[in-house]
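Each chain, letter by letter, is given below.
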Amino acid sequence: MPLQIIQYPHPTLRHRSKPLRRVDAELRKLVEEMFDLMYEHEGVGLAANQVDLPYRLFIANPEGNPDARESEGVFINPVLSAGRGLAEDEEGCLSIPGLRAPVTRNTSIKIQAYDLDGNEISGEVTDFMARIVQHETDHLDGTLFIDRLGPAQALDLRDQLEEFEFAFQSKLETGELPNADDMAKRLRELEQLRT
Ligand code: ZN
């Protein structure tokens, strides 16, 4: 089955992913597919949860351009620290397409992670890249940008979110999506394989 981007309120988006302990050829292939999907949907970041994988891994390319390969990054088991400065800016998410809202994030933050070859990535990122790594690391903890909105903004988006909830419910009912038990079982199996 090719990877697909899952949408709110799919339960895997609420899954807190465990650290990845094993990188194999299949996982490398999955990461390649994640890049293809991210570009296809004109995103700048994509977390493993968003393609229904329970791993602490996200990819990013702040250029959002497949020709800018040098700007691509794979971040495995990311840990953020020493966030500084605050700025509000509009965010969207490929798992809640069409919905955008202002979110306050640190403007500078340290990230420590590993790439697919096991090399350590460590450094400070700022501005747009800082926003991307905070949004994507949130995903790995089961947090969505809509959780970080003020009450008035959350209320503004209520109707649109209900439409996503309704669409998800009908996919469950038609069998287009497996039931909750089967989804949970699949995640456990994938976790046993690599975490
Ligand atoms: Zn997102």
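It should be noted that the structure appears before, not after, this text.
Treat the numbers as computed from the prediction; the structure is a model and nothing was measured.

Attention now moves to the pattern of salt bridges. On inspection of all chains with the given rule, the structure shows 20 salt bridges. Between Asp147 and Arg14 there is a salt bridge, and its shortest N-O distance comes to 2.7 Å. Pair noted here: Asp147 is in the loop between helix H2 (127-140) and helix H3 (151-174) and Arg14 is in the segment before helix H1 (25-40), with a separation of 133 residues, a long-range link. The exposure class assigned to Arg14 is partly exposed, which follows from its relative accessible area of 40%. Arg100 serves as the salt-bridge partner of Glu90, at 3.1 Å between the closest nitrogen and oxygen.

With respect to the element layout, Glu191 can be found in helix H4 (residues 180-194). A distance of 2.7 Å separates polar atoms of two side chains, one belonging to Glu191 and the other to His15. In contact with Glu191, other than residues within four places in its own chain, are His15, Lys18, Pro54 and Tyr55.

All right, on to the sheet that holds strand S1 (residues 45-47) then. One open sheet accounts for five strands, arranged S1-S2-S3-S4-S5; its pairing is antiparallel. What marks the edges here is a single partner per strand, and that holds for S1 and strand S5 (120-126). For this sheet, the mean inter-axis angle between neighbouring strands, taken without regard to orientation, is 35 degrees. Strand direction decides the pairing type here: S1 and strand S2 (residues 57-60), joined by three bridges, are antiparallel. When the sheet's bridge partners are listed, Ala47 is paired in S2 with Phe58. Lying over the sheet, H2 contacts S1, S2, strand S3 (73-91), strand S4 (101-114) and S5, oriented at roughly 85 degrees with respect to S4.

Counted at 1.5 Å a residue, the expected span for H2 with its 14 residues is 20 Å, and the 21 Å between its end C-alpha atoms agrees. Burial within H2 is extensive, with twelve of its 14 residues counted as buried. Within H2, burial applies to Met129, Ala130, Arg131, Ile132, Val133, Gln134, His135, Glu136, Thr137, Asp138, His139 and Leu140. Where the residues of H2 are buried, they touch S1, S2, S3, S4 and S5. Gly142 sits one or two positions beyond H2 and adopts a positive phi of about 80 degrees.

Turning our attention to unusual backbone geometry. The peptide bond linking Tyr8 to Pro9 adopts the cis configuration, its omega dihedral lying at 0 degrees. Along the polypeptide, Pro9 turns up in the segment before H1. Residue Glu42 is not a glycine yet carries a positive backbone phi of 55 degrees. With respect to the helices and strands, Glu42 occurs in the loop between H1 and S1. Owing to a relative accessible area of 72%, Glu42 belongs among the exposed residues under this scheme. Located in the positive-phi region is Asn77, a residue other than glycine, with phi close to 50 degrees.

Rules used throughout
- Residues numbered from 1 in each chain as written.
- Predicted model: local features only at pLDDT ≥ 70, side-chain atom pairs only at ≥ 80, totals over all residues.
- Heavy atoms only, no water.
- Salt bridge = Lys/Arg side-chain N within 4 Å of Asp/Glu carboxyl O.
- Helix = DSSP H or I, 4+ residues; strand = E, 2+ residues; numbered from the N terminus.
- Buried < 20%, exposed > 50% of the residue type's maximum accessible area, 1.4 Å probe, protein only.
- Polar contact = N/O pair within 3.5 Å; in protein donor to acceptor, adjacent residues only side chain to side chain.
- Contact = heavy atoms within 4.5 Å.
- Pairing = 2+ DSSP bridges.
- Axes fitted to C-alpha atoms, helices over the stretch in contact; angles between N-to-C directions.
- Expected span 1.5 Å × (residues − 1).

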